[in-house]
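# Chains, contacts and geometry: an overview
Here is how the chains run, residue by residue.
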Amino acid sequence: MALRLSKEILARNFVIKRCSLGFYLSSVIQRATLISNQDTELVVSGRSIYSSVSIISYQQHRNSSSQNFCTAVHPEKLCWEGSSRAAMLKRVEAALKEHQVNEVWESFIDFKRLHGFPEGFLIHKLITELCYSSDPYWLQKACDLVLVNLRERSDLLQSDILTKLSLSLARSQIPKPTMMILRLMLEKRNLPPMNVLCLVVLHLVKTEFGTHLASNFLIQICDHFQSLRAKKSDHAKLLQPDTMIFNLVLDACVRFKLALKGQQIMELMAATGVAADARSIVIIARIHELNGQREEIKNYKCYIDQVSAPFVQHYRQFYDSLLSLHFKFDDVIAASELILQMCDDRKSLPIQRDKKNSQRSYLVPIGSHNLKSGLNMQIIPELLQKDSVLKLEGWLETAHDILDDMEAAETPMGYSTFMSLLTAYYKGKLVPEAKALLKQMRKAGLLVSLSDEMVASTCLSVVDTSACCTSASSSTSKSDLANALVQESRYEEETPSRVCDLVNALVQETRDEKEDISSRVYQFNSSINFFCKAKMIDDALKTYKRMQELKIYPTELTFTYMIKAYSSLGMFRNITFLWGDMKRNMENGNLVISRDLYEYLLLDFLRGGYFERVMEVISYMKKHGMFADKWMYRSEFEKLHKNLYRNLKASEARTDAQRKRLEFVQAFRIYVDID
């Protein structure tokens, strides 16, 4: 009996050992199969595409193997996993050290499949390496990797890594991923330093598409800042935008004729208390000109008239814009007076403010002085006499830093880039900086055979030639004609009547050029704008109806003023009526609507819960091939209607109206990629 029992125990142990060994071999085979699989993309649109079955079975095998390995027949095999992990990590690190991007990515993919994400410092190195690439393919990979990490390990990535990536993406003109990273940082209230953010925006606003994104992002920053300021949060100061970023976006709005967006950004500049500088005033004048707002630009004139003579040339565009508006309003007398004043200002220096007053801030109303609760732009007269935004030294220093970064990444810039910076240094008489850059260029094997004097002479001759060409090719503006009048009256000592005759001729010529839009339209729009800002909506509506009675077609600005007024009062239903008028005018060929006005309508209908109108506006935008900022629309929806009809099915709708509304809500959810 005892002998028989002993045999059974021995047989059972043999079976157990054999099963354990068999399971171990099965696990090893499956591991080898995983390793031999071809590399696939890590993410597609920010989502992992690993086989869930393989991952689950691999995890199960790993867990059970860790138990069986302890009593396995060959205990030395326990080190297999640890040694493999270490070897793969070394492979990744070696490829990073050699800057072999392809090898780095392949090694990382292999490691990720078997062991998940490596340590945080290694991910940081990988993303940094990808950021230094100028290839959009690798920059997109870095962006995908960031999105996966933020979803799975949100505390892993530091803000400096995200900042570096956003700058690299923007520099390579990949605006959508750039904005995705910046918006994720904004949600965490951890934006890049404002000077770095300005560099990102500087690259974004080179295109109209990038300008749309940059302007919407600046609006979001202002919203966050105002919300935190209302709560008296200390964090508000970290989010307050500065004059530089406003100037960059406003200037792009002028370049791409985004008059409505420029108006919105300008008003946010006033609302956030950011002071305008010399560059801001010129851009603001251009925006007022685009929008036909004469009273608004006139509010700045008394301050611009008092700048000293050396800075008058900088404000030539300001006077051009004001002169243009005088003609649009058919105000010949005001136009003549302005030209004569510009002539007189060249003969005698303007009245100067004392130093104490020039340093205090003033509030310039955006609109009529009669508005009690209107917005006011902050200006400091001292800033109007120095353009802090366009300081040559600051931009050149930034450019030199970028060159250094590219060189450190072993991807130095070409000869033409170095020469552009060197020429700029000589043009700005920054000799020490020029010599330092020249030394750096010679280390890179450039200009080795030329002496310092020869290089300087060549650069300065380029500057002189460029200046001559620019002067010769510049077109004659209205202020140039005014200067001609001044020179004629100064050097030829013409009689005052002769000057007046020339002025009148100029006025008549320019007046003929400005008759494409009736002056009455500008006058009506100006009245409607005043009533809307004063919350006198009934008077604005009467003026609007009066335009229709006189067969004067309302413009895009007419509707914009009315829509913004209704929106500020929460009267979203009235906007649906205006939308009907707008469609009729478009069908008759009397109205063209810009992308920005479509976006205003979309957001207002979204706030009011008019989802059928929302989808209608979206269809118009699609029809005209207009960019839609889905991230912004999704954020607005989640803020106001996050759980709307989330669990309601069409079969459960109580009425046809509810069923129809549910249909449009679901269509919008699909459009902006919710759920």
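Conventions adopted
- Residues numbered from 1 in each chain as written.
- Predicted model: local features only at pLDDT ≥ 70, side-chain atom pairs only at ≥ 80, totals over all residues.
- Heavy atoms only, no water.
- Helix = DSSP H or I, 4+ residues; strand = E, 2+ residues; numbered from the N terminus.
- Buried < 20%, exposed > 50% of the residue type's maximum accessible area, 1.4 Å probe, protein only.
- Contact = heavy atoms within 4.5 Å.
- Areas by Shrake-Rupley, 256 points an atom, 1.4 Å probe, with all protein chains shown as cover.
- Phe/Tyr/Trp six-rings, centres within 6.5 Å; stacked < 30°, edge-to-face > 60°.
- Lys NZ or Arg CZ within 6 Å of the ring centre and 35° of its normal.
- Salt bridge = Lys/Arg side-chain N within 4 Å of Asp/Glu carboxyl O.

With that out of the way, let us pick up the overall build of the protein chain. Looking only at helices and strands, the protein chain has 32 helices and 4 strands in total. Looking at the protein chain as a whole, 46% of its 675 residues qualify as buried. Across the protein chain, the fraction of contacts at a sequence separation of at least 24, relative to all contacts at a separation of at least 6, is 69%. Just so you have it, the protein chain exposes about 35200 Å², and 54% of that area is on carbon and sulfur atoms.

The next thing to look at is the packing of aromatic side chains. Tallying each qualifying case throughout the model produces 16 aromatic pairs. Taking the ring centre of Phe329 as reference, the NZ or CZ of Arg294 above it sits at 4.7 Å.

Tallied over the full model, the rule gives 25 salt bridges. Notably, a salt bridge pairs Arg91 with Asp110, separated by 3.3 Å at the nearest N-O pair. Here Arg91 is found in helix α3 (residues 80-97), whereas its partner Asp110 is found in helix α4 (residues 101-115), with 19 residues between them in sequence. Under the relative-accessibility criterion, Arg91 is labelled partly exposed at 34%. The class for Asp110 is partly exposed, based on a relative accessible area of 22%. Taking the shortest distance from any N to any O, the salt bridge between Asp629 and Arg183 comes out at 2.7 Å. Note that Asp629 is positioned in the loop between α30 (611-623) and α31 (630-641) and Arg183 in helix α8 (residues 175-187), a separation of 446 residues in sequence. Assigned by exposure class, Asp629 and Arg183 land together as buried. Counted as one network, the salt bridges with shared partners bring together Lys583, Glu612, Arg613, Glu616 and Lys660.

What follows deals with the environment of Val205. Within the secondary structure layout, Val205 lies in the loop between α9 (194-204) and α10 (208-230). The class of Val205 is buried, set by a relative accessible area of 3%. Note: C-alpha distance between Val205 and Cys253 (48 residues apart in sequence) is 8.8 Å. Contact partners of Val205, with chain neighbours within four places excluded, come to Thr211, Ala214, Leu248, Ala252, Arg255 and Phe256.

Limitation: the analysis is restricted to geometry and does not speak to function.
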